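Listed below, chain by chain, are the residues.
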Protein chains: 2
Amino acid sequence: MLQSRNSLASYARDVSHIKLALAQVNPTVGDLSGNRLLCLEVARQAANAGANIVAFPEMVITGYPVEDLALRPSFQAASERELGRLASELLDEGLGELVAVVGYLKGTSDGDSQELGVPRGAPMNCAAVIHQGKVVANYAKHHLPNYGVFDEYRYFVPGERALVFRAFGTDIAIAICEDLWQDGGTIAKLTDESIGLLVVLNGSPYEREKDDVRLALVKRRAAQVGAPLAYVNMCGGQDELVFDGDSLVVDSEGAVLARSPQFHEDILIVDLTLADSTSRNELASGEHIVVLPSSIAAESVPLTTPQEWDRLDPLGEVYEALVTGLHDYVAKNGFASVLIGLSGGIDSAFVAALACDALGPDRVYGVSMPSEYSSEHSRTDAADLAQRMGLHFRTVPIAPMVTSYLDNLGLTGLAEENLQARVRGTTLMGISNQEGHLVLATGNKSELAVGYSTIYGDAVGGFAPIKDLPKTDVWALSLWRNQQALDSGQVPPIPESSITKPPSAELRPGQLDSDSLPDYEELDGILHAYVEDDMNLEQIVALGYHPDSVARVLLLTDRAEYKRRQYPPGTKVSKRAFGKDRRLPMTNKWQDVK
Amino acid sequence: MLQSRNSLASYARDVSHIKLALAQVNPTVGDLSGNRLLCLEVARQAANAGANIVAFPEMVITGYPVEDLALRPSFQAASERELGRLASELLDEGLGELVAVVGYLKGTSDGDSQELGVPRGAPMNCAAVIHQGKVVANYAKHHLPNYGVFDEYRYFVPGERALVFRAFGTDIAIAICEDLWQDGGTIAKLTDESIGLLVVLNGSPYEREKDDVRLALVKRRAAQVGAPLAYVNMCGGQDELVFDGDSLVVDSEGAVLARSPQFHEDILIVDLTLADSTSRNELASGEHIVVLPSSIAAESVPLTTPQEWDRLDPLGEVYEALVTGLHDYVAKNGFASVLIGLSGGIDSAFVAALACDALGPDRVYGVSMPSEYSSEHSRTDAADLAQRMGLHFRTVPIAPMVTSYLDNLGLTGLAEENLQARVRGTTLMGISNQEGHLVLATGNKSELAVGYSTIYGDAVGGFAPIKDLPKTDVWALSLWRNQQALDSGQVPPIPESSITKPPSAELRPGQLDSDSLPDYEELDGILHAYVEDDMNLEQIVALGYHPDSVARVLLLTDRAEYKRRQYPPGTKVSKRAFGKDRRLPMTNKWQDVK
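Residues numbered from 1 in each chain as written. Chains lettered and ligands numbered in written order. Predicted model: local features only at pLDDT ≥ 70, side-chain atom pairs only at ≥ 80, totals over all residues. Heavy atoms only, no water.

Here's the deal with the overall build of chain A
Scanning chain A from terminus to terminus reveals 19 helices and 19 strands. In summary, chain A has a C-alpha radius of gyration of 27 Å against a globular reference of 25 Å for 594 residues, a match within 12%. Taking the principal axes of its C-alpha atoms as reference, chain A extends roughly 90 × 55 × 45 Å. Intrachain contacts of chain A at a sequence separation of at least 6 include 77% that bridge at least 24 residues. For chain A, the exposed surface amounts to about 20200 Å²; the carbon and sulfur share of it is 52%. Measuring between centres, the 51 positive side-chain charges of chain A sit 4 Å from its 80 negative side-chain charges. (Helix = DSSP H or I, 4+ residues; strand = E, 2+ residues; numbered from the N terminus. Rg over C-alpha atoms; globule rule 2.2 N^0.38 Å. Contact = heavy atoms within 4.5 Å. Areas by Shrake-Rupley, 256 points an atom, 1.4 Å probe, with all protein chains shown as cover. Lys, Arg positive; Asp, Glu negative; His and termini not counted. Charge placed at Lys NZ, Arg CZ, Asp CG, Glu CD.)

Section: the interface of chain A and chain B
Interface size is often expressed as the accessible area that is lost when the parts come together. Listed per partner, the contact involves 77 residues of chain A and 77 residues of chain B. For the pair chain A and chain B, the two sides together bury roughly 6700 Å², of which 54% comes from carbon and sulfur. Our count for the contact surface shared by chain A and chain B stands at two salt bridges. For B:Asp151, the salt bridge is made with A:Arg583, and the minimal N-O distance between the two is 3.2 Å. The tally of links from chain A across to chain B stands at 35 residue pairs in polar contact (both at pLDDT 80 or more). Sorting the residues of the side of chain A that touches chain B by element identifies helix H2 (73-92), helix H4 (152-155), helix H8 (314-332), helix H11 (399-409), helix H12 (413-435) and helix H19 (561-565) of chain A as the ones contributing at least two each. The greatest single-element share of the side of chain A that touches chain B, amounting to 12 residues, is contributed by H12(A). (Buried area = accessible area lost by both parts, 1.4 Å probe. Salt bridge = Lys/Arg side-chain N within 4 Å of Asp/Glu carboxyl O. Polar contact = N/O pair within 3.5 Å; in protein donor to acceptor, adjacent residues only side chain to side chain.)

Digging into the relation of the copies chain A and chain B
Least-squares fitting of chain A to chain B yields an RMSD of 0.0 Å, with the transformation described by 0.0 Å of translation along the axis and a rotation of 180°. These values place the two chain copies in the arrangement generated by a two-fold rotation axis. No C-alpha of chain A approaches the rotation axis more nearly than that of A:Gln566, which lies at 2.1 Å. Residue by residue, 100% of the interface of chain A is reproduced at the interface of chain B, so both copies engage with the same surface. (Least-squares fit on C-alpha atoms with pLDDT ≥ 70 in both.)

Let's talk about the sheet that holds strand S16 (residues 338-341) of chain A
Residues and elements named next belong to chain A. Taken in spatial order, the four strands of this open sheet run S18-S17-S16-S19, and their pairing is parallel. On the outer flanks of this sheet lie strand S18 (392-395) and strand S19 (438-439), each paired with one strand and no other. With respect to the sheet, helix H9 (residues 346-359) is in contact with S16 and strand S17 (364-368), its orientation differing from that of S16 by roughly 165°. H12 rests against S16, S17, S18 and S19 of the sheet, and its axis sits at about 160° to S16. (Pairing = 2+ DSSP bridges. Axes fitted to C-alpha atoms, helices over the stretch in contact; angles between N-to-C directions.)

Digging into the packing of helix H16 (residues 520-532) of chain B against helix H18 (residues 547-559) of chain B
Residue and element names in this part refer to chain B. H18 packs onto H16 with a crossing angle of 65° between their chain directions and a minimal axis gap of 10 Å. Like other packed secondary-structure pairs, H16 and H18 cross with a definite hand, here right-handed. Taking contact as the criterion, the partners of Glu522, Leu523, Ile526, Leu527 and Tyr530 in H16 are, on H18, Ser549, Val550, Val553, Leu554, Thr557 and Asp558. Of the residues belonging to the contact of H16 with H18, the class tally is seven nonpolar, two polar and two charged. (Left-handed = near helix turned anticlockwise from the far one by under 90°. Nonpolar A, V, L, I, M, F, W, Y, C, P; charged D, E, K, R; others polar.)

Describing the sheet that holds strand S16 (residues 338-341) of chain B
Taken together, the four strands give an open sheet; going across it, the order is S18-S17-S16-S19 (chain B), and neighbouring strands pair in parallel fashion. Looking at which strands have only one partner, the edges of the open sheet turn out to be strand S18 (392-395) and strand S19 (438-439) of chain B.

Structural notes on H16(B)
All names here are of chain B. For H16, a buried count of 10 out of 13 residues is recorded, marking the element as mostly surrounded by other parts of the structure. Of the residues making up H16, those classed as buried are Tyr520, Leu523, Asp524, Gly525, Ile526, Leu527, Ala529, Tyr530, Val531 and Glu532. At its buried positions, H16 is contacted by helix H13 (445-450), helix H14 (471-487), helix H17 (537-542) and H18. Measuring from the backbone nitrogen of Glu521 back to the side-chain oxygen at the start of H16 gives 3.1 Å, which picks out Asp519 as the cap. In the segment just after H16, Asp534 is the residue with positive phi, at about 60°. (Buried < 20%, exposed > 50% of the residue type's maximum accessible area, 1.4 Å probe, protein only.)

A word on the side chain of A:Thr454
Among the structural elements, A:Thr454 can be located in the loop between helix H13 (445-450) and helix H14 (471-487). The buried category is assigned to A:Thr454, whose relative accessible area is 4%.

What about the state of the cysteines?
Two cysteines form a disulfide when their sulfur atoms are joined by a covalent bond. Under the criterion given, the structure shown has zero disulfides over all chains. Free cysteine A:Cys126: the closest other cysteine sulfur is in A:Cys177, separated by 15 Å. Between B:Cys235, a free cysteine, and B:Cys39, which holds the nearest cysteine sulfur, the sulfur-to-sulfur gap is 12 Å. (Disulfide = S-S within 2.5 Å.)

With respect to the environment of A:Trp181
Residues and elements named next belong to chain A. Relative to the assigned elements, Trp181 resides in helix H5 (residues 178-181). The class of Trp181 is partly exposed, set by a relative accessible area of 25%. Beyond its immediate stretch of four places on either side in the chain, Trp181 contacts Lys210, Val213, Arg214, Leu217 and Arg221.

Side note on the environment of B:Asn433
With respect to the secondary-structure elements, B:Asn433 resides in helix H12 (residues 413-435). What B:Asn433 contacts, discounting residues up to four positions off in sequence, is A:Ala415, A:Asn418 and A:Arg422.

Things to note about the side chain of B:Glu58
By the element assignment, B:Glu58 lies in the loop between strand S2 (53-55) and helix H2 (73-92). Residues within four places of B:Glu58 in sequence aside, it is in contact with B:Tyr64, B:Gly103, B:Asn125, B:Lys141, B:Glu152, B:Ile176, B:Cys177, B:Leu201, B:Asn202, B:Gly203 and B:Met234.

Comments concerning unusual backbone geometry
With omega at -10°, the peptide bond leading from A:Tyr64 into A:Pro65 counts as cis. Counting through the fold element by element, A:Pro65 comes out in the loop between strand S2 (53-55) and H2. For B:Glu67, which is not glycine, the phi dihedral falls at a positive 50°. With a phi angle near 65°, B:Asp246 is a residue other than glycine that sits in the positive phi range. Turning to its location among the elements, B:Asp246 is positioned in the loop between strand S11 (241-244) and strand S12 (248-250).

Looking at the packing of aromatic side chains
The full count for this structure, using the stated rule, is 21 aromatic pairs over all chains. Aromatic pair B:Tyr319 and B:Phe350: ring centres 5.8 Å apart, planes at 70°, arrangement edge-to-face. Taken together, the residues B:Tyr319 in helix H8 (residues 314-332) and B:Phe350 in helix H9 (residues 346-359) connect sequence positions 31 residues apart. On the accessibility criterion, B:Phe350 (0% relative accessible area) is buried. Put simply, the rings of A:Tyr319, A:Phe350 and A:Trp480 pair up and form one aromatic cluster. Lying over the aromatic face of A:Tyr520, A:Lys471 brings its terminal NZ or CZ to 5.5 Å of the ring centre. (Phe/Tyr/Trp six-rings, centres within 6.5 Å; stacked < 30°, edge-to-face > 60°. Lys NZ or Arg CZ within 6 Å of the ring centre and 35° of its normal.)

Considerations on the nonpolar core
Core analysis: the biggest nonpolar cluster contains 103 residues, and A:Val54, A:Phe56, A:Val102, B:Val54, B:Phe56, B:Ile61 and B:Val102 have the highest contact counts within it. Setting aside its immediate chain neighbours within four residues, B:Ile61 contacts B:Asp31, B:Leu32, B:Asn35, B:Arg36, B:Cys39, B:Ser79, B:Glu82, B:Leu83, B:Leu86, B:Val102, B:Gly103 and B:Tyr104. If you look at the next biggest cluster of nonpolar residues, it comprises 66 residues, including B:Val242, B:Val351, B:Ala382 and B:Tyr567. (Core = buried A, V, L, I, M, F, W, Y, C linked by side-chain atoms within 4.5 Å.)

Focus on the pairing of strand S14 (residues 266-275) of chain A
Residues and elements named next belong to chain A. In terms of burial, S14 is largely enclosed, as eight of its 10 residues are buried. Where strand S1 (residues 15-24) lies against S14, 10 bridges are found, and the strand directions are antiparallel. Considered in S14, the bridge of Gln24 is made with Asp266.

Overview of the pairing of strand S6 (residues 163-167) of chain B
Residue and element names in this part refer to chain B. In terms of burial, S6 is largely enclosed, as five of its five residues are buried. Here S6 shows a buried face lined by Leu163, Phe165 and Ala167 and a second buried face lined by Val164 and Arg166. Hairpin connection of S6 to strand S7 (residues 170-176): two residues between the antiparallel strands, including Phe168 at a positive phi of 55°.

None of this, on its own, says anything about what the molecule does.
Set out below in structure tokens:
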């Protein structure tokens, strides 16, 4: 039964009060029954808090992104089955009145996908509206991102119809992620309607400074549709992506009513006063309109204080993204512990700090592997950081193994330098195989760009937590992390001398990174312009860098593509990470240097 | 001046004789000036043979596929500049009358790409018609493949208009690659027109048995448009893809008039008698129609005998694909030589045979690295094959290095097994660094699927020639290659005992692959069904495999995704190779086993 004051014929702009819950959860790709149970538990908590509606992230049932799993009929069927189970379970638990908006994958008939260039059998990226134990409506994502890390034209049939459902005396519209970012499509269709609320389901990965862009966008779209907008995003890590949550609700003028924390699970509960609306009569034909038969507005539920979590500062945000990405790769893949080669340098020290923050020091194993070229301070810095952080620590000198290769193979020069790195890699992998740790590679983005690493040497690892972090940011974040410790009266985890000493691979006597690379400030500036901002030689030189340096850095970067192909995965934090975000041929004679 | 008998008003179905050249060339990605010069040289040869028209493959100016290079404004500008240069150079050399149809990349204004979901600044995948020193017409590819290894929605703005140009008294239409494979679009527009010839530019990668599908398709499309169809494809390797050429011309009934060799460069010259046609007046408005001002039909050129090269047999075709892929990766990346660890087993023996056929034995270096668990026959088989093939050979026992690790790390069991493989990997990389060879990884597709390899051990290498070849096919192709040698009175390269002995990694006493894996016939059957035919557990069991074996193989395959991410690139020969052809998350709890 609809509320009496909201008859279908009424055009009065009366108001309803509802309690909306945004479920900022961390699903796991492929764990469909686990994700269903997570939704059920959160729905329970939301209902206990008096919520009338609970909204979950994009594809929460399957996890996101599922890549080619999307195309498997058995996977699509499982997604629909788990969604149906969730609907039944909600009813069974007496939560039938709760309106749940749930992202999932829905199969299509072959015919749907034919003319769109997507493979036969592609599904739709959908939001289901669940009420009284049933899926009462479906919305399919209209705009499919197909740039950067996204390949959604490969996977999904785009939706073509808007969805508005009437509940609690107001008309509520649904959109999914990219629909919010692109003009046209769903948002354009809603602009001229008088909807009462727009709910947007997201699987929007973290990038530096993206949260500000996202906030501005949410404000703009709310004003555009003339209604409050509720933005729910997932959190947690999936391979190279981290979802930062940051769910929020703005009113129809774009003022922030509530905002979830970044990176952490949260149920954001907001009391909304919504204009009763009657878009139904005006919506273009062909769009979905669903009227829920028996929803009642929760006018009697007392208002809760709107929550707005503090934003992390720009460095803290990156640090938290890296901790989350590492934590979830370890947790979701079932590793008990991690192993890190500790050189005494800043990269491995910083990775150790991340690992201790992500997993606790008892799950972090460090090994110092000094060679004859290792400085005394390298050994002491490694031991010092292990002691500061309280992680497990051992020392394995590599001289005996290096000597046995040299005696048998007669390597010299660069081959001898690389050999040392590979003996360390083999040592780490041996300990890993023996004891069951996940090895972490400690290379940073600057090294990865110019190929300043030894493949199968320092590049070994199952995960590379800072592969998308330029060297200058490794320093900045190390200082930041130490300051955090000082501010809370703790021992700074990273030895001061690891931060201040000149970087060196210590593979030959007196070697310094600056022997073969530009100064890191310059290198990172050029790399940012080339990799993230897509500038060419001329444009980068115009920024004030020396043409020879620019030409050299671009050439080194192009030539190292083959090394990056075999590098471990690691968390994306920048606008453009190496990997699926930036796809280039290895065999490539193009130089942007002419 | 048009020919007098072909005035624009004429509807008479007279005939013209023309000589058409299909330039089956091997461009290099990113070498735009080199590719232009290649086109110029081939155009010269075609003109010397009396050709009136020469057609080049898809994106011949840039090479193909160029991945994200397509989105760089400087790359787009260079493509257009080189095309313009080619037009001028043809005129300068007195070849202005020759009609050249050339694939290239053409920039678009930002506006063109906006609503299609492709990034701003995406170009079009175009064919230019060059005549009298000018680009007189452009056709943009309509259907963009976005499945398997293709991501063309990421890169290109689709064309929307057909192109027909009148030359030599007939109307000639253009299509590009996927346009031929999909119904609708360009082909549909041409179906009701009376065109005289359809020329299709291709960058169509090799897959087993694809040439038969392609031939049937070409025949069908010719009949559909009621005109001869000329299909020109590139040849050569680009990273993981091999283009097999196989250019061909069929008449309007689909009968093959001429066909180029597979995998090798060729200029296919065909005399065609074409109906003069006047589709111009009937073509739907909005399509391109270009009339070349002064083309003359080459009625006086004597007919040449149509060529039709023999097809390779099914195994020979795969072998040639693997040789081509390896050869071009080595050649286009400027390596002088390759290095292979020779275990005495079939995989490394077969890779050595491929390398000798691709590069000549003088550019192939083999190293036997026996351990205490290596059988006597392993050592002698490795030496035997080196002697049969005439490649460079040395022996480096790994015991001293293995012992030094064991003494210092105390590894046992699987860790000790993996250690041996990693000492071999480090040894190969050391020799590679010292002497400059490209290391070849010798793993096959069956191993790669189930993770039966040691990461940073036997998996090291810059290229993995047989990573898409199942173990059973390694045997079949080894027998085939030996038989080829016998048939031509040469010494079979692969030792008989490497083919016949039971496979073993020889990492512990008496170890056999069959201790931990199903029989390879069974394993490969299950893998083919799962990986290439996308079947689920139930469907594979229905083929007659034991449910436990199927469940185990699927689980092993799913769990090895992380290893495949760090595996070297290698030539795709199957319908679905691991890598960009099959994109799956590493963090993934989905099992198709329930």
